[in-house]
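Structure at a glance
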Amino acid sequence: MPRDTLTTDRIVRAAIELLDEEGLDGLNMRSLAKRLGSAATAVYWHIKTKDELIRLASDAIWSEVELPDLDTTDWRTAATAHAVGMHAMLTRHAWLVQAFGSHLLHGPGQARHNDLGLGIYEKAGFAAADADRAAAAVFTFVLGSGLGPAAQVSLNRQLSKNGADAERLMADAMTRATETARQFPRLRERLDTTAARGYAAAPDNTFAFGLQSLLDGFEARLTVDRADRADRRE
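Below is a short write-up of the structure. Note that this is a predicted model, so its numbers are computed, not measured. (Residues numbered from 1 in each chain as written. Predicted model: local features only at pLDDT ≥ 70, side-chain atom pairs only at ≥ 80, totals over all residues. Heavy atoms only, no water.)

Once that is clear, we can look at the overall build of the chain. When helices and strands are tallied, the chain shows 12 helices and zero strands. In the chain, the order of α-helices and β-strands from amino to carboxyl end is α-α-α-α-α-α-α-α-α-α-α-α. A globule of 234 residues ought to have a C-alpha radius of gyration of about 17 Å, yet the chain, at 22 Å, is considerably larger. Taken over the C-alpha atoms alone, the chain extends approximately 75 × 55 × 25 Å along its principal axes. By the burial criterion, 35% of the 234 residues in the chain qualify as buried. A sequence separation of at least 24 residues applies to 69% of the contacts in the chain between residues at least 6 apart. Within the structure as shown, the chain displays about 13,700 Å² of accessible surface, and the carbon and sulfur contribution to it stands at 54%. For the chain, the distance from the average position of its 28 positive side-chain charges to the average position of its 32 negative side-chain charges is 5 Å. (Helix = DSSP H or I, 4+ residues; strand = E, 2+ residues; numbered from the N terminus. Rg over C-alpha atoms; globule rule 2.2 N^0.38 Å. Buried < 20%, exposed > 50% of the residue type's maximum accessible area, 1.4 Å probe, protein only. Contact = heavy atoms within 4.5 Å. Areas by Shrake-Rupley, 256 points an atom, 1.4 Å probe, with all protein chains shown as cover. Lys, Arg positive; Asp, Glu negative; His and termini not counted. Charge placed at Lys NZ, Arg CZ, Asp CG, Glu CD.)

Turning our attention to the packing of helix 5 (residues 75–92) against helix 7 (residues 108–124). In contact at an axis separation of 9 Å, helix 5 and helix 7 are set at 155 degrees when each is read in the N-to-C sense. Comparing their axes, helix 7 and helix 5 come out roughly antiparallel. Viewed along their axes, helix 5 and helix 7 form a crossing whose handedness is left-handed. Between helix 5, through Trp-75, Ala-78, Ala-79 and His-82, and helix 7, the contact on the second element is made entirely by His-113, Leu-116, Gly-117, Ile-120, Tyr-121, Lys-123 and Ala-124. Of the residues assigned to the contact of helix 5 with helix 7, the class counts are seven nonpolar, three polar and one charged. (Axes fitted to C-alpha atoms, helices over the stretch in contact; angles between N-to-C directions. Parallel < 35°, antiparallel > 145°, perpendicular 65-115°, else oblique. Left-handed = near helix turned anticlockwise from the far one by under 90°. Nonpolar A, V, L, I, M, F, W, Y, C, P; charged D, E, K, R; others polar.)

We now examine helix 7. Over its 17 residues, helix 7 extends 24 Å from the first C-alpha to the last, a length consistent with the 24 Å expected when each residue adds 1.5 Å. Along helix 7, the residues that are buried comprise Gly-109, Gln-110, His-113, Leu-116, Gly-117, Gly-119, Ile-120, Tyr-121 and Ala-124. Taken from the residues just after helix 7, Gly-125 is the one with a positive phi, measuring 120 degrees. (Expected span 1.5 Å × (residues − 1).)

Spelled out as structure tokens, the structure:
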């Protein structure tokens with residue numbers, strides 16, 4: 001493909017596809033150029049470095065998360081929708097969780113969602129500083145919840161290197177882990193549950209349970225704050 005048929009947007013979209021398939025370690029300009037039917041030098045004409053490409057790709061996928069309308073939605077419904085949307089996006093693009101720990105990520109896509117998060121918790125009734133803390137707490141929880149799927153993708157890729165049988169290696173590791181778990185009473189009781197079936201597995205509805213517990217805590221704090229303000233006015 002001639003250089004002049006490439007655009008930054010096409011390169012970024014191809015990079016996202018490659019990242020989804022191969023992860024951060026699998027992204028390089030040569031393999032990306034091959035996917036685009038171009039030369040690596042043509043890609044560099046539009047995007048100068050791999051780090052910049054990852055930054056652009058990470059910012060682009062934030063567009064997949066729907067922004068709830070704060071004018072027509074109560075704060076808790078908006079908070080739930082926003083967190084669920086972010087979690088789903090991170091699950092689709094497991095590499096983004098890893099990228100947060102290895103790259104400086106910023107851009108209008110991510111900033112738009114950061115701004116919305118602050119708006120949600122200001123609407124709830126938090127003062128600016130506490131709205132910052134609430135938004136950060138939820139984002140940290142969402143990001144942490146994405147670590148399991150991201151780790152599983154990375155682990156499968158690592159175990160499969162050099163033609164190794166990843167499934168057999170995983171089965172052997174789980175056999176040893178099960179033997180260890182049998183030494184501890186609470187783990188032993190749970191050996192046949194979802195939590196014991198894989199390194200990235202978790203009991204059903206774990207994310208929803210954690211998110212709603214966080215929001216319950218916020219709501220309780222707001223109730224106490226409102227009561228304190230009412231007492232001071234009396």
